[in-house]
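One letter stands for each residue in the lines below.
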Amino acid sequence: MSDVLVAAEGVHKKFCRSLKRSLWYGMRDMGAELLGLCGPPELRKDEFWAVQGVSFELRRGSTLGLIGHNGAGKTTLLRMLNGLIKPDRGRINVRGRMQALIALGAGFNPLLTGRENIYVNAAVLGIPKAEVDRRFDDIVEFSGINDFIDAPVQSYSSGMTVRLGFAVAAHMNPDILLVDEVLAVGDYGFQSKCYNKIGELKHNGTGIILVSHNMHTISTFADRVMLLSKGRSTLFDYVPDGVRAYTNLFAATGMSDDIEKILSGNGSITFYDVQVAKRVLNPADSFSLSMWYEATTDYRDVDIDTLIYSSTDPWLYFQSTNKAYRRTVDLPEGRHRMQVTIKDIPLNNATAKIVVTIWTKNRTEKLFWWRIPVVFRAADYSTGNNFLQVAYEVN
Amino acid sequence: MDAYDERELPSAVYTPESQMRTPGRLIRSMWKDLKGSRELAWRLFVRDLSARYRQSLLGVFWSFVPPVITGLVFIILHSKRIVNFGSTDIPYPVFAMVGTLLWQLFTESLNAPLSTVKAAAPILAKINFPREALIVSAFYQMLFSLSIKVVVIIGVLLVFGMKVTPWLIPSLLIMIALILLGMGIGLLLTPVGMLYSDIASILAVGIQFWFFITPVVYPAPTTFPYSLIAFLNPVSPLLTGARDVMTKGAITHTASFLAVTWLTVVLVVGAWVVYRVTLPIIVERMSS
């Protein structure tokens, strides 16, 4: 008995860009289907391949990370695996009970209470009532919304709805689990709870296909990675290679060369001859911004904010100010030179933006505000893009 | 791990090939899903019912007042001789009232599949569950609606001094056939109706027109060409049949009644196949 749970061979799916044509093609496809014919294998006008020639195998207890830019065909592929839509070419074999964490809380009626909706949602997911009765307390406990279980779901926040939906879906033990980026809505504590649950299922032999834009999640759970780009797939047996290929998709196109010089002074102070030493940084390089300023009044005790954020990962940023480092900075009257240096930025294989802002005392007025795109080269043998600690210096 | 290996795993194969090419497998999976959808259908039915009445003050009121009002209008028009439908062999108020209630039952059945599937579009697009459950739950809703109407019909019979006989029970079966006819037609229109909004408009207009060519508030005409109304309109034999059996214990047009009953069975199965086979294509054209 083989332990292959999902086998996809050369799967294709086409979509149509124009709604009017799409509906008309839908009519013709329905006619063809009813007459027992195959739809046309070639593209028609306004159609494109949303998924093109995808093949892979998913084995028991393994996790395949599915990554790619928005619109790369990840969700379309999941919907085919789930049997919601048919492939236009190719073949998918599925063995085992499949559970999709795609639409958490689907089938919830907003007027009914959480308790009633647990039963409805479980029935939609194919879980018998007896099983829900048995696990009811676990489900409520896991969702963490005990106090609201008898309130109508329309009074829940979107995060609470997702919590309840996940709690129901995760409490049946599927052979195959499809996880689309659904957990992003929950708060941090709930997300880690969910990932623990996924780890537990994996340990028990569930084969998982995990879609995420968070490369940390992918690196943590995936044994193999499939990168989808414009519907075409590349399989990586070594996860860091896949993650790097994914970030390179954005390094090539995502970097804008333009420094956004949003503010460079006011009536009484002007920053000029601002120089950025390096914008392509190797692992040990420092980032530094040197500038001249000319002030007609004294600016005592200014705040200098630095912000570094990744262009690809919204959760990854570092923000600090000279106050945090217990440094007082004055900008005395006259012409002077100053330099802001950020040392040892442990960003790896990433594009980022560095924002430097200078405020007057007590932040009543902004004096300077530049946003500078930078590229961090990859360190050897590293995965992901990690921040550890940042040293900060003002001269 | 061992526990998994001992278990018989369900399996599925997805290919571009039309499901109509493998009728054996299609029928087996239809039957399997119909059985598998009973609990879900019941849950959906209870969900929709309790949600509906939770947001409504008048509740079941809406299920019988519109046809009762239509019936009253015709009773008044008839009694004042503003319209003349000829004579009926049972008191006209009973005739009209039962007629409009049954007609309402039919139109609700006609609209039920499309509106149920439309309302379920978000879960259809995202979850693979037995699609039969939606239709079965719509059928349960129609049975619920039927039970309310039967209570009202019994009230009407008693008010106008007619006896409630055991013939009510066979007439219930005919009413269920009437529901199935409506749902069959509605289900057949559902795939196209999911893509194009025109179907909903056609239904709305068509039902109004259909009312007038069905012997609801007037007795079935016997002279050609008007007798075609009773002959070609599939609703006529069931509607008049249910009314006749309930009030007189007899069916007037046995042949056309039997023909329509068979037609209904074929229609329901055919519409079910069409619904099932075309649904993946509809889901594909819906946003996810």
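See the structure printed just above.
This structure is a prediction, so every number in the text was calculated from the model and none was measured.

## Digging into the overall build of chain B
Within chain B, the regular secondary structure consists of 12 helices and one strand. Reading the secondary structure of chain B in the N-to-C direction produces α-β-α-α-α-α-α-α-α-α-α-α-α. Along the first, second and third principal axes, the C-alpha set of chain B runs to 80 × 45 × 35 Å. In chain B, buried positions account for 39% of the 288 residues. Contacts in chain B between residues at least 24 apart in sequence constitute 77% of all its contacts with a sequence separation of at least 6.

## Examining the overall build of chain A
Along its length, chain A carries eight helices and 20 strands. Dimensions of chain A, computed from C-alpha atoms along their principal axes, come out at roughly 85 × 55 × 45 Å. Expressed as a percentage of its 395 residues, the buried residues of chain A come to 40%. In chain A, the share of contacts with a sequence separation of at least 24, taken over all contacts with a separation of at least 6, comes to 76%.

## Observations concerning the interface of chain A and chain B
Contacts between the two partners involve 49 residues from chain A and, on the opposite side, 43 residues from chain B. For the side of chain A that touches chain B, the secondary-structure elements that each account for two or more residues are α1 (19-34), α2 (74-81), β4 (89-95) and α3 (114-124) of chain A. Taken together, the residues that form the side of chain A that touches chain B break down as 25 nonpolar, 13 polar and 11 charged. Bridge count for β4(A) against strand β1 (residues 11-14) of chain B is four bridges, and the pairing is antiparallel. Across the sheet, the residue bridging to A:N93 is B:V13, located in β1(B).

## Let's talk about the nonpolar core
As a rule of thumb, soluble globular proteins bury nonpolar side chains together. Formed by 131 residues in total, the largest nonpolar core has its most connected members in A:L101, A:L178, B:L102, B:L178, B:L238, B:L239 and B:A242. Per element, the largest residue contribution to this core is 14 residues, and it comes from helix α5 (residues 92-119) of chain B. Core analysis: the second largest hydrophobic core is formed by 26 residues, A:M291, A:I345, A:A350 and A:A352 among them.

## Here's the deal with the environment of A:A378
Residues and elements named next belong to chain A. The topology assignment puts A378 in the loop between β19 (366-376) and β20 (391-394). By C-beta crowding, A378 is classed as partly exposed, having 18 other C-beta atoms within 10 Å. Sequence separation between A378 and L347 is 31 residues, and the spatial gap between their C-alpha atoms is 8.4 Å. Residues contacting A378, with those up to four places away along its chain left out, are R244, N348 and N349.

## Here's the deal with the packing of helix α11 (residues 235-248) of chain B against helix α12 (residues 254-285) of chain B
Residue and element names in this part refer to chain B. The interhelical angle for the contact between α11 and α12, taken along N-to-C directions, is 115°, at an axis separation of 8 Å. By crossing handedness, the relation of α11 to α12 is classed as left-handed. Touching P237, L238 and G241 of α11 are S256, F257 and V260, all from α12. Tallied by class, residues from the contact of α11 with α12 come to four nonpolar, two polar and no charged.

What counts and what doesn't
Residues numbered from 1 in each chain as written. Chains lettered and ligands numbered in written order. Predicted model: local features only at pLDDT ≥ 70, side-chain atom pairs only at ≥ 80, totals over all residues. Helix = DSSP H or I, 4+ residues; strand = E, 2+ residues; numbered from the N terminus. Buried ≥ 20, exposed ≤ 12 C-beta atoms within 10 Å, placed from the backbone. Contact = placed C-beta atoms within 7 Å. Nonpolar A, V, L, I, M, F, W, Y, C, P; charged D, E, K, R; others polar. Pairing = 2+ DSSP bridges. Core = buried A, V, L, I, M, F, W, Y, C linked by C-beta atoms within 7 Å. Axes fitted to C-alpha atoms, helices over the stretch in contact; angles between N-to-C directions. Left-handed = near helix turned anticlockwise from the far one by under 90°.

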